[in-house]
Amino acid sequence: MDDSELRIAYETHDGVRELIDCIRYTLEGISLDFDRWDDRYVKGPGMYVAVVTGPTVADFADPMGHNKWPTDRCRAVCLDLETFFRTAQDVAMTRDGAIVVSVDGVVQEQMVRFRDLVFGDLEDEDSGRTEYEDWMGSRHMSALDTSQRANVIATVTLSEETGRVTIFKRGSFDTAERSELGGEWNPRTYS
């Protein structure tokens, strides 16, 4: 029997796709809910979430000190979306670092800083390094690189400068500027 027959395809698993959608829609909601993006010298909410497989990210991440996800308020993403939204909204304004979510939707308490990629870290060694876009800051460049790791299914970011929400998967990305978020449900789209 081939090992691939027993591999769980998390990238296409319905539950994991729903989890990533819940994270994306939460970050979009946080962006749309913040109404001071155009104010000078005001920092908006920013967030970086990594959806991972496996028991630990210790091989490629370091703790971000006292920056922690409040697990006493919210332990899972899709269990209670309103609670996840409110908790994420608070974290996006008050803490720094990446939030680690396992494929079952459980949010890890310790926020992290992902280390730079080194040879041997990529899922597909032939993929090479993806080029960064001009709009990408350090959070987005890290999320792009981290998305290429073998046990990372996706990373999702909310830009604290512009409100842009981006999903990174295997070194590629899908991004939406704040004016594009929510599609037809964005009241600013049809103003």
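This is a predicted model, so every value here is computed, not measured. Just so you know, the residues in each chain are numbered from 1, in the order the chain's sequence is written. In keeping with the predicted nature of the model, local features appear solely for residues at pLDDT of at least 70, side-chain atom pairs appear and are counted solely at 80 or more, and the whole-chain, interface and lining totals rest on all residues. The side-chain quantities take in all heavy atoms of the structure and omit both hydrogens and water.

Engineer: Help me get a handle on the nonpolar core, residues and values and all.
Structural biologist: Soluble globular proteins tend to bury their nonpolar side chains together. Counting 32 residues, the largest nonpolar core has Ile23, Met47, Trp69, Val77 and Ile99 as its most contacted members. Looking at this core, the element that brings in the most residues is helix H1 (residues 14-33), giving 8 residues. For Ile99, the residues in contact, after removing those within four places along its chain, are Met47, Tyr48, Val49, Ala50, Trp69, Val91, Val107 and Met111. In terms of nonpolar packing, the next biggest core, distinct from the first, is built from 15 residues, Val52, Phe60, Val100 and Val112 among them. Note on terminology: a nonpolar core comprises buried Ala, Val, Leu, Ile, Met, Phe, Trp, Tyr and Cys residues joined through side-chain atoms within 4.5 Å. For each residue, the accessible area found with a 1.4 Å probe, counting protein chains only, is set against the maximum for its type, and the residue is called buried under 20%, exposed over 50%, and partly exposed in between. Secondary structure elements are taken from DSSP: a helix is a run of H or I of four residues or more, a strand is a run of E of two residues or more, and numbering for both begins at the N terminus. When checking whether two residues touch, look at their non-hydrogen atoms; a contact exists if any pair is within 4.5 Å.

Engineer: So what's going on with the packing of aromatic side chains? Residues and values would help.
Structural biologist: Aromatic rings from Phe, Tyr and Trp, with only the six-membered ring used for Trp, were paired whenever their centres fell within 6.5 Å, and each pair was classed as stacked if the ring planes differed by under 30 degrees, edge-to-face if by over 60, and tilted otherwise. All told, the structure shown has 6 aromatic pairs when counted by the stated rule. With a centroid separation of 5.6 Å and 35° between ring planes, the pair formed by Trp69 and Phe84 is classed as tilted. Highlighted residues: Trp69 in the loop between strand E2 (61-68) and helix H2 (81-94) and Phe84 in helix H2, separated in sequence by 15 residues. One exposure class covers both Trp69 and Phe84, and it is buried. With a centroid separation of 5.9 Å and an interplanar angle of 50°, the aromatic rings of Phe168 and Phe173 are classed as tilted.

Engineer: Go over the packing of H1 against H2 with me, naming the residues and quoting the values.
Structural biologist: Any two packed helices are characterised by the angle at which their axes cross and by the distance between the axes. The N-to-C vectors of H1 and H2 enclose an angle of 55°; their axes lie 10 Å apart at closest approach. Taken together, the axes of H1 and H2 lie oblique to each other. Pair H1 / H2 crosses with right-handed handedness. Contacts between H1 and H2 involve Cys22, Ile23, Thr26, Gly29, Ile30 and Asp33 from the former and Leu81, Phe84, Phe85, Arg86, Ala88 and Gln89 from the latter. Polar here means any residue other than Ala, Val, Leu, Ile, Met, Phe, Trp, Tyr, Cys and Pro, which are nonpolar, and Asp, Glu, Lys and Arg, which are charged; Gly is therefore polar. Here the residues of the contact of H1 with H2 sort into 7 nonpolar, 3 polar and 2 charged. Note on geometry: axes are lines fitted to C-alpha atoms, helical ones only across the stretch in contact, with angles between N-to-C directions running from 0 to 180 degrees. Any angle that is under 35 degrees is reported as roughly parallel, and any over 145 degrees as roughly antiparallel; angles of 65 to 115 degrees are reported as roughly perpendicular and all others as oblique. Two helices cross in a left-handed way if the nearer one is turned anticlockwise from the farther one by less than a right angle. They cross in a right-handed way if the turn is clockwise.

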